[in-house]
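Chain and residue survey
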Amino acid sequence: MSAMLSALAMGLLFGAGLIISGMTDPANVKGFLDVFGAWRPQLMAVLAVGMMATWLLYLLARRFAHPLAEPVFHWPQSTIIDKPLLLGAVLFGAGWAVAGYCPGPALVAAGALNPVAIVFVLAMLAGSFAQRAMAK
């Protein structure tokens, strides 16, 4: 139960951060990608802060034998940069550029009943299920 409460708390904290930073507004993402027009550099700061927080938390977590709400850590198993990873990254980036959403902000915006975000999340789920079906 404490693992679920921890996940809920972290999800709410993440969602609040996305709302406060303005990253649930696709115009901010598209503005960041418009480097030759009305460029909005705010996303760079959001990404930098996220990377710093992740790096610091990984350093801290390495000092513990196990997480607070789980029996073991679930560290990434692969460090290989292969074709599926690169293809996934390209598709993710293209979808982000076209829609202005990535999964986190889309879920927050869908939770706020934004119709475009709801359609995005439904399409994202359909794509996830299709990928799993084709991978079998």
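Residues numbered from 1 in each chain as written. Predicted model: local features only at pLDDT ≥ 70, side-chain atom pairs only at ≥ 80, totals over all residues. Heavy atoms only, no water.

Concerning the overall build of the protein chain
Check the secondary structure of the protein chain and you find six helices and zero strands. Secondary structure elements of the protein chain occur, N-terminal to C-terminal, as α-α-α-α-α-α. The principal-axis extent of the C-alpha atoms belonging to the protein chain is close to 50 × 40 × 30 Å. Considering only contacts within the protein chain whose residues lie at least 6 apart along the sequence, 38% involve residues at least 24 apart. Positive and negative side-chain charges in the protein chain, numbering 7 and 4 respectively, have mean positions lying 6 Å apart. (Helix = DSSP H or I, 4+ residues; strand = E, 2+ residues; numbered from the N terminus. Contact = heavy atoms within 4.5 Å. Lys, Arg positive; Asp, Glu negative; His and termini not counted. Charge placed at Lys NZ, Arg CZ, Asp CG, Glu CD.)

Some points on unusual backbone geometry
Phi at L113 is positive, roughly 65 degrees, even though this residue is not glycine. Looking at the secondary structure, you find L113 in the loop between α5 (103-111) and α6 (115-135).

So, the nonpolar core
If you look at the biggest cluster of nonpolar residues, it comprises seven residues: L18, M23, V29, F32, L43, W96 and C102. What C102 contacts, discounting residues up to four positions off in sequence, is F92, W96 and F120. Among the nonpolar cores identified, the runner-up in size contains six residues, and Y101, A109, A117 and V121 belong to it. (Core = buried A, V, L, I, M, F, W, Y, C linked by side-chain atoms within 4.5 Å. Buried < 20%, exposed > 50% of the residue type's maximum accessible area, 1.4 Å probe, protein only.)

Topic: the packing of aromatic side chains
This model, assessed by the stated rule, comprises five aromatic pairs. Taking the centre distance of 6.0 Å and the plane angle of 45 degrees together, the rings of F92 and W96 count as tilted. With F92 and W96 both in helix α4 (residues 83-99), this residue pair falls four residues apart, about one helical turn. With relative accessibility at 19%, the residue W96 sits in the buried group. Members of the aromatic cluster, connected to one another through ring pairs, are Y58, F73 and W75. Geometry around W75 places R62 over its ring, the cationic atom sitting 4.1 Å from the centre. (Phe/Tyr/Trp six-rings, centres within 6.5 Å; stacked < 30°, edge-to-face > 60°. Lys NZ or Arg CZ within 6 Å of the ring centre and 35° of its normal.)

Comments concerning the packing of helix α2 (residues 26-33) against α4
Geometry of a packed helix pair, given as the angle between the helix axes and the separation of the axes. The geometry of α2 relative to α4 is characterised by a closest axis approach of 8 Å and an angle of 115 degrees between their N-to-C directions. Relative to α4, α2 is oriented roughly perpendicular. Of the residues in α4, those touching α2 at P26, V29, K30 and L33 are W96, A97, V98 and A99. When the residues that make up the contact of α2 with α4 are grouped by side-chain class, the tally is seven nonpolar, no polar and one charged. (Axes fitted to C-alpha atoms, helices over the stretch in contact; angles between N-to-C directions. Parallel < 35°, antiparallel > 145°, perpendicular 65-115°, else oblique. Nonpolar A, V, L, I, M, F, W, Y, C, P; charged D, E, K, R; others polar.)

These values are about where atoms sit, not about what they do.
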